[in-house]
Amino acid sequence: MTLPAPDSFTPRLLICDVLYTGMGSGHAPGGVVIVGDTVAATGNPAQLRASYPQAHVEQVGGIIAPPPVNAHTHLDMSAYAFQALPYFRWLPEVVIAQRELRGVAGGLAGADQLSRLPVGGVGDIVWSPEVMDALLAREDLRGVLYFEVLGTFPGKADAVFATMRERVETWRKLERPGGPRIGLTPHTPYTVSHRLMKLVTDYAAGEGLPMQIHVAEHPSEPELFATGDGPLWTNRLQPFWPETFAEVIGRTPEPGLTPVRYLDELGVLAAKPTLIHMVNVTADDIARVARAGCAVVSCPRSNIHLECGTFPWTAFAAAGVEIALGTDSIASGQTLDVRDDVAFARRLYPQLDPRLLVRAAVKGGGRVLDLPIPFIRRGEAWSDRYVWSD
Ligand SMILES: [Zn+2]
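It should be emphasised that the depicted structure is a prediction, and the values quoted were computed from it without experimental measurement. (Residues numbered from 1 in each chain as written. Predicted model: local features only at pLDDT ≥ 70, side-chain atom pairs only at ≥ 80, totals over all residues. Heavy atoms only, no water.)

1. Here we look at the nonpolar core
So the rule is basically this: In plain words, nonpolar cores are sets of buried Ala, Val, Leu, Ile, Met, Phe, Trp, Tyr and Cys residues tied together by side-chain atoms within 4.5 Å. The rule is simple: take the accessible area with a 1.4 Å probe, protein chains only, and divide by the maximum for that residue type; under 20% is buried, over 50% is exposed, in between is partly exposed. Under the DSSP-based scheme used, a helix requires at least four consecutive residues in state H or I and a strand at least two consecutive residues in state E, with every element numbered from the N terminus. Delimitation of the domains relies on an automatic or database domain assignment. Two residues qualify as a contact provided that any one of their heavy atoms is within 4.5 Å of a heavy atom in the partner residue.
Ranked by size, the top nonpolar core spans 105 residues in total, and within it Leu184, Met278 and Phe316 carry the most contacts. In terms of residues, this core owes the most to one element, helix H16 (residues 354-369), which gives seven residues. Here this core gathers at least three residues from each of two domains, domain 1 (6-65 + 375-386) and domain 2 (69-369). When residues no more than four places from it in sequence are discounted, the contact partners of Met278 are Val215, Ala216, Val260, Val289, Val296, Phe311, Pro312 and Phe316.

2. Topic: the UniProt feature "domain: Amidohydrolase-related" (unreviewed entry) in the protein chain
Keep this limit in mind: UniProt positions are given in the numbering used here, feature names are shortened, and annotations may be inferred rather than shown by experiment.
UniProt records the feature "domain: Amidohydrolase-related" (unreviewed entry) for residues 68-359 in the present numbering. With 44% helix and 13% strand, residues 68-359 has end C-alpha atoms that lie 9 Å from one another.

3. Description of the sheet that holds strand E1 (residues 12-16)
Adjacent strands of a sheet form backbone hydrogen bonds with each other and so pair up, either parallel or antiparallel. As a reminder, the rule being used: Strands are treated as partners if at least two bridges between them are detected by DSSP. Every axis in this analysis is a line fitted to C-alpha atoms, fitted for helices over the stretch in contact. Angles between the N-to-C directions lie between 0 and 180 degrees.
Ordered in space as E4-E3-E1-E5, the four strands form an open sheet in which the pairing is mixed. Each edge of the sheet is formed by a strand with only one pairing partner; in this case those strands are strand E4 (38-43) and strand E5 (56-59). Taken pair by pair, the neighbouring strands of this sheet meet at an average axis angle of 20°, ignoring direction. Pairing of E1 with E5 involves four bridges; the strand directions are parallel. Pairing of Ile15 across the sheet is with Gln59, part of E5.

4. Observations concerning the pattern of salt bridges
What counts here: Within this document, salt bridges are pairs made up of a side-chain nitrogen of Lys or Arg and a carboxyl oxygen of Asp or Glu, the two lying within 4 Å of each other.
Here the structure, examined in full by the defined rule, presents 24 salt bridges. In this structure, Asp341 and Arg301 form a salt bridge, with 2.9 Å as the shortest nitrogen-oxygen distance. With Asp341 in helix H15 (residues 338-348) and Arg301 in helix H12 (residues 300-305), this residue pair connects regions lying 40 residues apart in the sequence. Each of the two residues, Asp341 as well as Arg301, counts as buried. For Arg367, the salt bridge is made with Glu322, and the minimal N-O distance between the two is 2.6 Å. A residue pair is termed long-range when its members are at least 10 positions apart, and Arg367 in helix H16 and Glu322 in the loop between helix H13 (313-318) and strand E14 (323-325) qualify at 45 residues. The class of Arg367 is partly exposed, set by a relative accessible area of 48%. Among the charged side chains, a salt-bridge network with shared partners connects Arg251, Glu254, Arg261, Asp264, Glu265, Asp284 and Arg288.

5. Brief notes about the side chain of Asp337
To be explicit about the condition: Under this definition, polar contacts are N or O atom pairs within 3.5 Å; protein pairs additionally need one hydrogen-donor-capable and one acceptor-capable atom, and for neighbouring residues in sequence, both atoms have to be side-chain atoms.
Following the sequence through the fold, Asp337 ends up in the loop between helix H14 (330-333) and H15. At 2.7 Å, the side chain of Asp337 forms a polar contact with the side chain of Arg339. Once residues lying within four places of it in the same chain are set aside, the contact partners of Asp337 are Leu117, Arg301 and Thr327.

6. A few points about the domain arrangement of the protein chain
Selection rule: Here the quantity called buried area is the total loss of accessible area, with a 1.4 Å probe, experienced by two parts when brought into contact, counted for both. Polar here means any residue outside two lists: the nonpolar Ala, Val, Leu, Ile, Met, Phe, Trp, Tyr, Cys and Pro, and the charged Asp, Glu, Lys and Arg; Gly therefore counts as polar.
The domain boundaries assigned to the protein chain delineate domain 1 (6-65 + 375-386) and domain 2 (69-369). Averaged C-alpha coordinates put domain 1 and domain 2 at centres separated by 36 Å. Counting from both sides, the interface comprises 10 residues of domain 1 and, opposite them, 11 residues of domain 2. Carbon and sulfur atoms supply 65% of the area that domain 1 and domain 2 bury against each other, a total of about 900 Å² over both sides. Considering only the side of domain 1, the residues that lose the most area to domain 2 are Val18, Tyr20 and Arg385, jointly responsible for 52% of the buried surface there. Joining domain 1 to domain 2, the criterion identifies zero salt bridges. Across the domain 1-domain 2 interface, the total number found is two residue pairs in polar contact (both at pLDDT 80 or more). Class assignment of the residues belonging to the side of domain 1 that touches domain 2 gives a composition of five nonpolar, four polar and one charged.

7. What about the coordination of the zinc ion?
Defined as follows: Distances up to 2.8 Å from the metal define which N, O and S atoms are donors, and 3.2 Å serves for Na, K and Ca; water is absent from the atom set, so sites may look incomplete. Here a site with four donors is tetrahedral if all angles are between 85 and 135 degrees, and a site with four or six donors is square planar or octahedral if opposite donors are over 155 degrees apart and the other angles are between 65 and 115; anything else gets the irregular label.
All of the protein donors around the zinc ion are His72 (NE2), His74 (NE2), His214 (NE2) and Asp328 (OD); their distances to the metal are 2.1 to 2.6 Å. Around the zinc ion sit four donor atoms, and with donor-metal-donor angles ranging over 88 to 166° the site reads as irregular. Read from N- to C-terminus, the donor residues coordinating the zinc ion fall into the pattern H-x1-H-x139-H-x113-D. Here the residue His214 occupies a position in strand E11 (residues 212-215), and Asp328 occupies one in the loop between E14 and H14, the gap between them amounting to 114 residues. Taking the relative accessible area as the measure of exposure, Asp328 reaches 5% and is therefore buried.

See the structure below:
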C-alpha cells in the first residue's frame with residue numbers, strides 16, 4: 001500500500017483580491033483552502049488563516065471564480081483584424097471592408113480560441129447557415145447558438161420567417177445533450193420589420209427557444225425611433241430599406257419613442273429576450289426591462305472602442321436586472337476572453353464593487369444561457385481553472 005506524499009495532506013490557502021464561489025455575493029479579499037484536490041473552505045482570508053494555521057499560504061492575487069461565460073459574441077468574425085473606430089466608420093471600414101473574412105473558417109477559429117480559455121459557455125450570434133452547421137457539430141462548445149434574422153420589409157417577413165423556421169427545425173434535431181443549443185436573434189429593432197420581429201418572437205416563445213436582440217447600442221438608435229431620421233437612417237445601405245422608417249416599425253416615430261419602448265409595446269419583451277448592449281437607454285427603458293424580467297448583456301470594451309457610450313451598470317443593477325458580460329466580436333472587442341472585459345470594466349466603473357462584475361460574468365452569463373455553474377465550496381473538486389490570472 002502506498003501512502004500519498006505528506007505534501008498532499010498539507011492544506012493550501014490561496015488568497016485573491018476577489019473571490020466569487022458561484023453563490024452569494026463573494027469576498028474581497030477572498031481565500032480558498034484546498035486539501036488534495038478538494039475544496040475544504042472558502043471565505044475571508046484572515047479567518048481561514050486562523051482556522052487552518054498549518055496551511056501553506058499562496059498569494060495568487062486577481063480573481064478566483066468559476067470560469068466566466070462569454071454571453072455575447074460573433075465567432076464567425078474571429079478572422080477579422082480588431083480596430084477601434086467610431087461606430088459609423090467601423091461599420092464600413094471594418095465590418096464591410098473585411099466581409100470576405102466572415103464565415104466558417106473564422107467561426108471555427110473562434111471556437112478553437114474559446115476552447116483554449118477557461119470559459120463556462122458562449123452565447124454566439126450566427127449569421128449564416130453554413131456557420132451554424134459547423135458550430136453545431138463542435139463537441140466542445142456549450143451554450144447557445146443564436147441564428148440571426150434580418151429583414152426590414154414587412155411584406156417579406158412571412159417568407160423570411162418560413163425559411164428560418166425550416167432551418168431551425170432541422171438544426172434542433174441535431175442538438176445533443178451537453179452540446180450547444182439553438183436560439184434565435186432578430187438582429188436589432190430597426191433592421192427587422194415589426195412583422196418579422198413578432199413572428200420570430202412568438203415562435204421562439206412558443207418553442208422555448210432563447211433569444212438575443214442588440215438594442216440601444218449607439219445614440220443614433222433612440223434618435224431613429226424618435227425622429228425616423230439621423231445617422232442610422234442616412235447611412236443605411238440601399239436597397240435593403242423601405243421608403244420610410246415608419247414602414248419598418250409599423251408606426252410613426254415620435255418623441256419619447258425608444259427602441260425599448262417599441263419592443264415592449266410590440267409584445268417582444270414579454271417573451272423575455274436577452275437584450276445586448278443597452279447603452280443608450282432612459283430610466284423608463286430600464287424600468288420596462290426590469291418589469292419584463294429580461295436579462296441584459298454588456299460588452300464594455302466593444303462599446304468604448306466604437307464610441308457608443310457606457311452601459312449604465314448601476315442603474316440596471318439598482319432596478320434588479322440580471323446583467324451578464326460578453327466580448328462582442330474580435331473586430332470590436334479585441335479578444336474572446338471575457339476576463340479581459342471584467343478587467344476593463346473594473347477600470348471603467350471604479351466605484352462599482354468588483355464582486356458584482358465577477359458575479360455578472362459567471363452567474364449572470366449562466367442565467368442568460370441557462371447553463372449550470374460549478375460551485376467552489378467545501379467538498380467540491382478544485383480546479384486550477386478557477387484562478388483567473390493569465
Ligand atoms: Zn453583437
